[in-house]
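# Examination of the molecular architecture
Each chain, letter by letter, is given below.
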Amino acid sequence: MNWLNYPLVVLVSFTLWILGTFLLLIPFKRKQKDAAGLTLVAVGILVIAWFIIQLWIHLDRPPMRTLGETRLWYGFFLPVIGYLTFLRWRYRWFLALSLLLASVFLFINYLHPENYDKTLMPALQSPWFVPHVIVYMIAYSLLAASSLVALKGLYHHWKETGVQEELSLADNMVYIGFAFLTLGLLFGALWAKEAWGHYWTWDPKETWAFLTWAGYLSYIHFRIYAPKKALTPLLIISLAFVILLICWFGINYLPAAQNSVHTYSGS
Amino acid sequence: MFVKENLEKDRYSGGQRRPFWQPPWGYREGLSISLGLLITGFALEAATGGTGLKSPSFPYNLVILIALLNVILFLHAFFRDKPVIRWLSSVPASLSAIILLTFLVLLLGLTPQPSIETHVIQKHLGLSHVVRSYPFFLAMLFFFLTLGLVTLRRGFPVKKKSIGFLLNHAGLWITLAAAFGGSGDMQRLTVTLQEGKDYSNNAVNAEGEGIPLSIAFKLLDFSIEEYPPKIFLIQTSSLEIVKQKQVSYLESTQGKKHTFGDWEVQVLAFLPSALQQDTGFIQSTIMGAPPAALVEAKSKGTATTLTGWISSGSFMYPPVFMRVDEKYSLAMAAPEARKYSSDIEFITREGKTGRFLLEVNKPEKINGWKIYQVSYQAKTGKWSPESTIELVRDPWLPVVYTGIFLLMAGALYLFWIGKDRKKSPGDSDKKEVIMQQMEQS
């Protein structure tokens, strides 16, 4: 199992997700359909998980080196978060949106097939590699989820209906996402000390990771200070997510980042 | 910035607007202070010709940090009820400091550092060296002040409820204070060792100055483990790799197969180190002997079968391609390192001796130095006669790590609290009430 089988894998997952979402969204005989819909969504997620495991075995290294490989993890964690959120709060729209966003990222992988590459440079061969990337991908997925919530909130704000429910949900996601983001950042620092001799060198990736962290830090503080404000926190989440995306892959296009030690994608 | 609009109304929405600079201060004052610090910083930077600040080293950095800590403790102990100090430990002040710092880091993220071609304006504003610039220094000072004061005000006396707050805020203060305060004491030196040469203690710092060490090193052996080289289909005229869908290369391992367009290619034999003879490649251990593979290419269309040797070449031998038709050839890329290591012997001035194997991601500790495998001669690759190692001394590291572990504990705490918060999506009003009570207490 490798990237050659990928089109089939996404086709199966997308079909299951579309059917599952459809069953969850139509307001008719909810009880029976919910169980079926959730099962379909879950199987779709498991297919992605199974592909990741197979790819890991096939590559003989953690599939976490290239952007495409990290997008794969994103396409796994985001639906998991959507699923758990649904189980907890029964937000149908949120599960649908998280599946949609995950599909976008998985589809990018379909459009830009990954170069299959078994090599892993010595700097990445570290016990920190897997925890660092996994924790970051969970953080990124949660924060993407908070952006979806913010999007809904902005829509409600524009419609002038209340947004407190969205903000409260966004708070939960940002708090947990921020905890993971902090852990990922600190794992990265501890690893950098072992690999490159210093825990922080203001490498472009580190700089943008700090900016991402500061963005969500601002959100948390702003929410504590002005819990009734609606538009500003929603805009902070949106802006912070843009910074996150720059940090994740926009960085490869920044002139300031041409010397980054974090570019592992080119082969 | 994004939080500018409607900020003032937050707490004074009931009555009329509070006049600017009349206590209690809010966001307008905070952002004005940030802007003032930014302008002052840029002015100082320009006035000093854009040289930035040099990180103080021991004992000055320790004295400065203790002084800063004492100022914060003093302000908290004696002036905590004064409006200005009350404001400095408030969320608007924290956010103003975060925004100022973030703005400067954003400049850092958008300007190449350090860049060779620095425009004079860039230099005079400190943009070519943001983290050493005056505006950054002032931003950090503001940050340390607000973070320190809020930690004392909200974190003490320690209550069960304030543990998460304390871990995060004190952790951050300690981490940043030790990282910035201690940066002047950090030493990073490199030593380039040659195989077959005697002990060397000649280190070089970042500025290229030679510095004698109290430890001498001797490189017994430098070795590289390589991945099997990749075989590609290339355009013979341009030597460019022919782009393929997904799997783009064949691994040079006996028996491996891969389809390049019309051609099904199989590796019949692989020699990691070989020399070309009249009959083909034969195994060799001499210096510069490149890897070579015997490959068989079968055309699905024309049913022809070609067999031949290809080699990546090395710094001594040219590469060998195999033409499959008039346009395309099979070629082997230079092998990539899986791991490289130096077998090193050392002797200290005190007469302590020893031997260690140095690898990337596996530094070695000797006499307070942390020693890293850095690089080797790229041109000669696995025959590199030299190995560059780096020696790092960072006496503040334990303090930085203390801060980092507090932050990690804080993050875990945040994770659990974040979970507790999810009682119901509508409980934000309750939270608000609690927050207001906290503000008032």
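Residues numbered from 1 in each chain as written. Chains lettered and ligands numbered in written order. Predicted model: local features only at pLDDT ≥ 70, side-chain atom pairs only at ≥ 80, totals over all residues.

## A look at the overall build of chain B
The number of helices and strands found in chain B is 10 helices and 18 strands. Sorting the 441 residues of chain B into buried and exposed places 34% on the buried side. The contacts in chain B between residues at least 6 apart in sequence include a share of 57% that link residues at least 24 apart. (Helix = DSSP H or I, 4+ residues; strand = E, 2+ residues; numbered from the N terminus. Buried ≥ 20, exposed ≤ 12 C-beta atoms within 10 Å, placed from the backbone. Contact = placed C-beta atoms within 7 Å.)

## Describing the interface of chain A and chain B
Across the boundary between the two partners, chain A contributes 57 residues, which contact 55 residues of chain B. Of all the elements in the fold, those that place two or more residues in the side of chain A that touches chain B are helix H3 (67–89), helix H6 (164–196), helix H7 (204–225) and helix H8 (231–248) of chain A. Per-element accounting of the side of chain A that touches chain B gives the leading share, 17 residues, to H6(A). Within the side of chain A that touches chain B, the residues separate by chemical class into 36 nonpolar, 14 polar and seven charged. (Nonpolar A, V, L, I, M, F, W, Y, C, P; charged D, E, K, R; others polar.)

## Points about the confidence of the model for chain B
All names here are of chain B. Looking at chain B, the pLDDT average stands at 87 and 89% of residues meet or exceed 70. Confidence over residues 1–14 falls short of pLDDT 50; this stretch has 24 contacts with residues more than four positions distant or in other chains. Note that residues 419–441 has pLDDT below 50 and, in this model, 20 contacts with residues that lie over four places away or in other chains. For this predicted complex, the interface confidence score (ipTM) comes to 0.87, while the overall pTM stands at 0.87. (pLDDT = per-residue confidence, 0-100.)

## Regarding unusual backbone geometry
Residue and element names in this part refer to chain B. Phe58 connects to Pro59 through a cis peptide bond whose omega is 0°. If you trace the backbone, Pro59 turns up in the loop between helix H2 (27–47) and helix H3 (60–79). Omega for the peptide link from Phe156 to Pro157 comes to -10°, which places this bond in the cis form. Along the chain, Pro157 falls in the loop between helix H7 (134–155) and helix H8 (163–182).

## Observations concerning the packing of H7(A) against H8(A)
All names here are of chain A. Two elements in contact, H7 and H8, have axes whose closest approach is 9 Å; the angle formed by their N-to-C orientations is 165°. Our classification of the angle between H7 and H8 gives roughly antiparallel. The two elements H7 and H8 meet at a crossing, and its hand is left-handed. Two secondary-structure elements touch here, H7 through Lys205, Trp208, Ala209, Leu211, Thr212, Gly215, Tyr216, Ser218, Tyr219, Phe222 and Arg223 and H8 through Thr232, Pro233, Ile236, Ile237, Leu239, Ala240, Ile243, Leu244, Ile246 and Cys247. For the contact of H7 with H8, the residue count by class is 15 nonpolar, four polar and two charged. (Axes fitted to C-alpha atoms, helices over the stretch in contact; angles between N-to-C directions. Parallel < 35°, antiparallel > 145°, perpendicular 65-115°, else oblique. Left-handed = near helix turned anticlockwise from the far one by under 90°.)

## Some points on the sheet that holds strand S10 (residues 292–299) of chain B
All names here are of chain B. Ordered by their spatial adjacency, four strands build an open sheet running S6-S7-S10-S11, and the pairing between neighbours is antiparallel. Strand pairing shows two members of the sheet lacking a second neighbour, strand S6 (257–260) and strand S11 (305–311), which therefore form its edges. Averaged over neighbouring strand pairs, the angle between their axes works out to 30° when direction is ignored. With seven bridges joining them, S10 and S11 adopt antiparallel strand pairing. Looking at the pairing, Ala292 lines up with Ser311 of S11. (Pairing = 2+ DSSP bridges.)

## Quick notes on the nonpolar core
In this structure, A:Ala139, A:Tyr140, A:Leu142, A:Leu143, A:Phe180 and A:Tyr216 are the most contacted members of the largest nonpolar core, which totals 157 residues. Per-element accounting of this core gives the leading share, 19 residues, to H6(A). In contact with A:Tyr140, other than residues within four places in its own chain, are A:Tyr74, A:Leu244 and A:Trp248. By size, the runner-up hydrophobic cluster in this structure holds 27 residues, among which are B:Phe281, B:Ala289, B:Ile310 and B:Ala331. (Core = buried A, V, L, I, M, F, W, Y, C linked by C-beta atoms within 7 Å.)

## Considerations on the domain arrangement of chain A
Residues and elements named next belong to chain A. Here chain A is partitioned into domain 1 (1–117) and domain 2 (121–257). Distance from the C-alpha centre of domain 1 to the C-alpha centre of domain 2: 22 Å. Contacts between domain 1 and domain 2 engage 15 residues on the former and 15 residues on the latter. If you list the elements that add at least two residues to the side of domain 1 that touches domain 2, you get H3 and helix H4 (92–111). (Domains from an automatic or database assignment.)

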